[in-house]
Amino acid sequence: MVFAAPNDALARAEGVLDADPTPLHASVAHQVIGIWQRDWGDIRIALYHLRRARDLAARAESADREADVLAALGVALVHAGRTQQGLAALERGVERGSGHTRARVLFRRAYARWVLGHHREALEDVRKAIPVLRQMDDVIWTARALTLRATVHLAVGAVDRADADFTAAEALWDTTGQEHDKADAVESRGLAAFRSGDIPAALRLLDEAEERYAKLGTPTFMLNIRRCEVLMAAGLAREALTEADSAIAVLDRIGGQSTRKAELLLAAARAARPAGEAHTAIARADMAVRLFAGQRRGWWEAHARLVLIEARVAAGRSSGRLVADTAAVAERLAAFGAPAAPEASLLAGRIALGLGWRADAEQHLAVAARSRRSGPPLARLTGWAAQALRAQAAGSGRGVLEACRRGLDVLDAHRMTLGASELRARATEQGAELAALAQQASLVSGSPRRLLVWSERWRATALSTPPTRPPADPELQSNLTAFREIAARAEAARMEARPVPALEREQRRLEREIRSRTLHIRGDAPGDGYRFDPGGLLERLGDDVRLAELAVLDGRVQVLLCGQGRVRRYEAGLLADAEREAEHVQAGLRRLAHPGAEGRLLVVEAAGRRLEELLLGPAAAHLGDGPVVVVPPARLHRVPWALLPSLRERVLSVSPSASSWLRARETEPPPGGRHVLVRGPGLATGGAEVPHLAGRYGGSVVLEYADARVPRVLEELDGAELAHIAAHGTFRADSPLFSDLRMADGPLIVHDFERLDRSPYRIILSCCETARFASVGADELLGLVTALLPLGTAGVVASSAPVNDAAVVPLMLALHKGLSQGLSLAEALRDARAALPGDALHQATGWAFSAFGAA
């Protein structure tokens, strides 16, 4: 009963002890309390009750009762870090038990051996137990044994065998009322889905398991550990670190299992490094190593040592001793049959290369490269990274490019199994090293065209196809509606200076629900096989248009200037310097958005000149007289490009990638020519341009006041030719897909736009900071504008800085005047800037807006 209804079993056991039971019955009751405390409470209390149960079983002179208690006690001792005592208790349990009881004890010893990383011995025990349990028609324990065997198979990479055992166990669980065991089975299926490379299914199953555990009121530390692993693979390192640290805090508070604490510390260390906290990773991994060593868990200790070395390398450490330590870890992992062994060999090779030890590097990289032919996607990616480094060390540029191509193809296929745009974007981080190696090899080859191809190969790939939408998810729709209502109430309370903590808590809960459901969506598009063709780009650009793609190699900006049938390369400044200058410009524009800051204008203009030197360098003198398309890296998304002197009076558009610009050029406007004008609440001008635009565009759909509600706005935006939205915008750096535009009934968020069949062909956002993005993955952007581009929008006008509401109105009216005369967004925006008054406020407003895409 303790694994069917844990809290009820605990209460029943305490009731038995209150009724002056016989030694036999008291032994059972103490054992139940001990198991409950062992798995969900204080391990010290668990050991007290299990020892009492053992002593009472001996008094009852029941060998099988004593064997059963010894098994539960042995597992508890192992979880408490007392490995030798725990294994000794389990050994005595095997000796004391007979028949059916002995099979159950063997199962517990197999479990303890799995916890310790003794996988071969665990499989031997469970293989002995299963036939006896089946013969006795013990459905519950047979299902447990099959689940355990499957979990051990997963630990050594035998995914197919694990799937077969999980399937058999699930059929048995369906015939029982073991609710905790059933939740554990769902959790295990999530782990199996992850090991087979299906991250959305893994996240969905782990969330389902968490819901089941919550109903039982039991902590879920193993689930926390597994979710960390899946979150890491999905590129969500910060979330994984938060999950692990929160679980450690709960475990410490209740005095829980030492073994689980060590595993959680390892999970936190793994997450801290990609989250940019190398020193936190070192501290967590070092503590995990010490705990695993004390617990005599060699398999786990080897994994923790690998993470510790990775963290030290990330912190800038490198030495011959580190190469030797990494090689030793790789050998231990290989001896254990651990799937992580190639990662360790790759790391040893990488450190050796950094020291100039070519022979040592080749030895380690050759071992790691074997994994490129089989296994899960990320394991094959490790192998191709090793192969690329081998080729680079051998001086084979062609070999580097071939390995990078093959590795990125593997990651492409994996990425398309992810339905959520956020996961697709973050997954690209796994290919960052391969993309950088290919770019470096292209630079060395001296071919600007080849460098352009590889710059495009891994740039803004999340925008190449629309995110997958669930066919019908009423719960997601309900959550979005509730989120909108709560957010609107919270905003109204803030305006009235009323307290909002409860509303904010509910809003955060709904955000988690919405995000969780979108991450569960599996990709349904295999990819269109598109490969960037520089010849096609040059043909489309013709002789007049120039496209400047900015690549970053070794921290320096390389400008690839495309046009007049050729690609030329120019070297500009350091990316770090450009980022700092861009932040100064943003601060200046923020000041200029308010009257009385005219003195900042000269400072901002000077910063614009410095930005041009850093970002374009000598390429600025070769832009010609025609239109210019700028393709910046993700980390430069906040640059107001119209501020740069050589771009200030040009027809200028910005695109996340050259491929994205080409797709926008080829996008046809929808039939019907429908225009939609939306005016949200709370603007200082009241969206004063909208009535004027309604007069300009006869027959347009105007949504304002109570009509500007999210469901109606989305309905009208779907398939429109032109949409103009005057509304307050908010960028969410912490969760970019919850960036919003404020409507009458609450926020219109990126997740809402992703439900459109086709977003408007052209869309103008006359509000603050709607062109802000979060830079994630290798070179990806998440935000409002980038959500629109894969959904059919060919052109967007939006601002990358705060703007003055009143100054926006004349800019928008001038912009639409140009559009009504047949100009593109970029042409109309250029003319609109020129038509503004020459004061600082209006100039800053013009610079803050950019045209994205090609419409």
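Everything that follows concerns the structure shown earlier in this document.
Now for a description of the structure that goes with this document. Quantities reported herein were computed from a predicted structural model and do not represent experimental measurements.

**Description of the sheet that holds strand β10 (residues 740–743)**
Thought 1: A sheet is described by the order of its strands in space; here three strands give the open sequence β9-β10-β11, paired in antiparallel fashion. For this open sheet the edge positions go to β9 (729–730) and β11 (746–749), each flanked by a neighbour on one side alone.
Thought 2: As paired strands, β10 and β11 are joined by four bridges and run antiparallel to one another. Residue Asp-740 lies in a different strand from β11, and its bridge partner there is Ile-749.
Thought 3: Of the strands in this sheet, β10 and β11 touch helix α25 (residues 474–495), which is tilted by about 130° from β11.
Thought 4: Docked against the sheet, helix α32 (residues 710–717) engages β10 and β11, running at close to 30° with respect to β11.

**Remarks on the layout of surface pockets**
Thought 1: Taken as a whole, the second largest pocket spans an internal volume of roughly 1200 Å³.
Thought 2: Along its surface, the second largest pocket is lined by 47 residues, and Phe-3, Arg-38, Asp-39, Arg-144 and Asp-181 are the ones closest to its centre.
Thought 3: Counting residues per element, the lining of the second largest pocket draws most heavily on helix α2 (residues 23–40), which supplies nine residues.
Thought 4: In terms of residue class, the lining of the second largest pocket is built from 24 nonpolar, 10 polar and 13 charged.

**A closer look at the packing of helix α20 (residues 377–393) against helix α21 (residues 397–415)**
Thought 1: At a minimum axis separation of 8 Å, α20 and α21 run at an interaxial angle of 165°. In terms of their interaxial angle, α20 and α21 are classed as roughly antiparallel. The handedness of the crossing between α20 and α21 is left-handed. Together, Pro-377, Leu-378, Arg-380, Leu-381, Trp-384, Gln-387, Ala-388, Ala-391 and Gln-392 of α20 and Gly-399, Val-400, Ala-403, Cys-404, Arg-406, Gly-407, Val-410, Leu-411 and His-414 of α21 make up the contact between the two elements.
Thought 2: Taken together, the residues that form the contact of α20 with α21 break down as 11 nonpolar, five polar and two charged.

**Some thoughts on the side chain of Glu-605**
Thought 1: For Glu-605, the position within the fold is in helix α29 (residues 600–615).
Thought 2: Owing to a relative accessible area of 16%, Glu-605 belongs among the buried residues under this scheme.
Thought 3: In this structure Glu-605 touches Leu-643, Arg-648, Gln-843 and Trp-847, once residues within four positions along its chain are discounted.

**Re α21**
Thought 1: Here α21 contains 19 residues, and its C-alpha end-to-end distance of 26 Å stays within 8% of the 27 Å for a straight helix at 1.5 Å per residue.
Thought 2: Here α21 has its buried residues at Val-400, Leu-401, Ala-403, Cys-404, Gly-407, Leu-408, Val-410, Leu-411, Asp-412, His-414 and Arg-415.
Thought 3: Each element contacted by the buried residues of α21 is listed here: α11 (199–216), α20, α22 (421–427), α23 (432–445) and α24 (448–457).

**Describing unusual backbone geometry**
Thought 1: Of note in the backbone geometry, Glu-61 takes a positive phi value of approximately 55° without being a glycine.
Thought 2: In this fold, Glu-61 is placed in the loop between α3 (43–59) and α4 (63–79).
Thought 3: On the accessibility criterion, Glu-61 (73% relative accessible area) is exposed.
Thought 4: If you check the backbone angles, Tyr-705 has positive phi at about 55° while not being a glycine.
Thought 5: On the basis of relative accessibility, which here comes to 61%, the residue Tyr-705 falls in the exposed class.

**A few points about the packing of aromatic side chains**
Centre-to-centre distance and the angle between the planes together describe a pair of aromatic rings.
Thought 1: The final tally for this structure, using the stated rule, is seven aromatic pairs.
Thought 2: Where Phe-3 meets Trp-40, the ring centres are 5.8 Å apart and the plane angle is 70°; that geometry is what we call edge-to-face. One end of the pair, Phe-3, is in the segment before α1 (6–17); the other, Trp-40, is in helix α2, and 37 residues separate them in sequence.
Thought 3: Given the relative accessible area of 5%, Trp-40 is considered buried.
Thought 4: A ring pair is formed by Phe-483 and Phe-738, whose centres lie 5.5 Å apart and whose planes are at 65°; its orientation type is edge-to-face. Residue Phe-483 is found in helix α25, and its partner Phe-738 is found in the loop between β9 and β10; the two are separated by 255 residues along the sequence. The pair Phe-483 / Phe-738 is uniform in exposure class, with both members buried.

**Structural notes on the nonpolar core**
Thought 1: Ranked by size, the top nonpolar core spans 133 residues in total, and within it Trp-114, Ile-199, Leu-333, Cys-404 and Leu-423 carry the most contacts.
Thought 2: Contact partners of Ile-199, with chain neighbours within four places excluded, come to Phe-194, Val-230, Ala-233, Ala-234, His-414, Leu-418 and Leu-423.
Thought 3: Ranked by size, the runner-up nonpolar core spans 98 residues in total, among them Leu-601, Ala-620, Leu-748 and Val-785.

**A closer look at the pairing of strand β6 (residues 675–679)**
Thought 1: Counting buried residues in β6 gives five out of five residues, a clear majority hidden from the surface.
Thought 2: Here β6 shows no split at all, with His-675, Leu-677 and Arg-679 on one side and Val-676 and Val-678 on the other all buried.
Thought 3: By the bridge criterion, five bridges tie β6 to strand β8 (residues 722–726) in an arrangement that is parallel. Residue pairing in the sheet places Arg-679 in a bridge with Ala-726 of β8.

**Quick notes on the pattern of salt bridges**
Thought 1: A complete count under the given rule lists 58 salt bridges for this structure.
Thought 2: A salt bridge links Asp-42 to Arg-44; the shortest N-O distance between them is 3.2 Å.
Thought 3: With relative accessibility at 13%, the residue Asp-42 sits in the buried group.
Thought 4: Linking Glu-210 and Arg-227 is a salt bridge whose minimum nitrogen-to-oxygen distance equals 2.9 Å. You can see Glu-210 sitting in helix α11 and its partner Arg-227 sitting in helix α12 (residues 221–233), a full 17 residues away along the chain.
Thought 5: Connected via shared salt-bridge partners are Glu-402, Arg-405, Arg-406, Asp-409, Asp-412, Arg-457 and Arg-531.

Criteria and cut-off values
- Residues numbered from 1 in each chain as written.
- Predicted model: local features only at pLDDT ≥ 70, side-chain atom pairs only at ≥ 80, totals over all residues.
- Heavy atoms only, no water.
- Pairing = 2+ DSSP bridges.
- Helix = DSSP H or I, 4+ residues; strand = E, 2+ residues; numbered from the N terminus.
- Contact = heavy atoms within 4.5 Å.
- Axes fitted to C-alpha atoms, helices over the stretch in contact; angles between N-to-C directions.
- 1 Å grid on protein atoms, 1.4 Å probe; cavity = no way out; pocket = protein on both sides within 12 Å on 5 of 7 lines; lining within 4 Å.
- Points joined across faces, edges and corners; volume = space filled by probe spheres on them.
- Nonpolar A, V, L, I, M, F, W, Y, C, P; charged D, E, K, R; others polar.
- Parallel < 35°, antiparallel > 145°, perpendicular 65-115°, else oblique.
- Left-handed = near helix turned anticlockwise from the far one by under 90°.
- Buried < 20%, exposed > 50% of the residue type's maximum accessible area, 1.4 Å probe, protein only.
- Expected span 1.5 Å × (residues − 1).
- Phe/Tyr/Trp six-rings, centres within 6.5 Å; stacked < 30°, edge-to-face > 60°.
- Core = buried A, V, L, I, M, F, W, Y, C linked by side-chain atoms within 4.5 Å.
- Salt bridge = Lys/Arg side-chain N within 4 Å of Asp/Glu carboxyl O.

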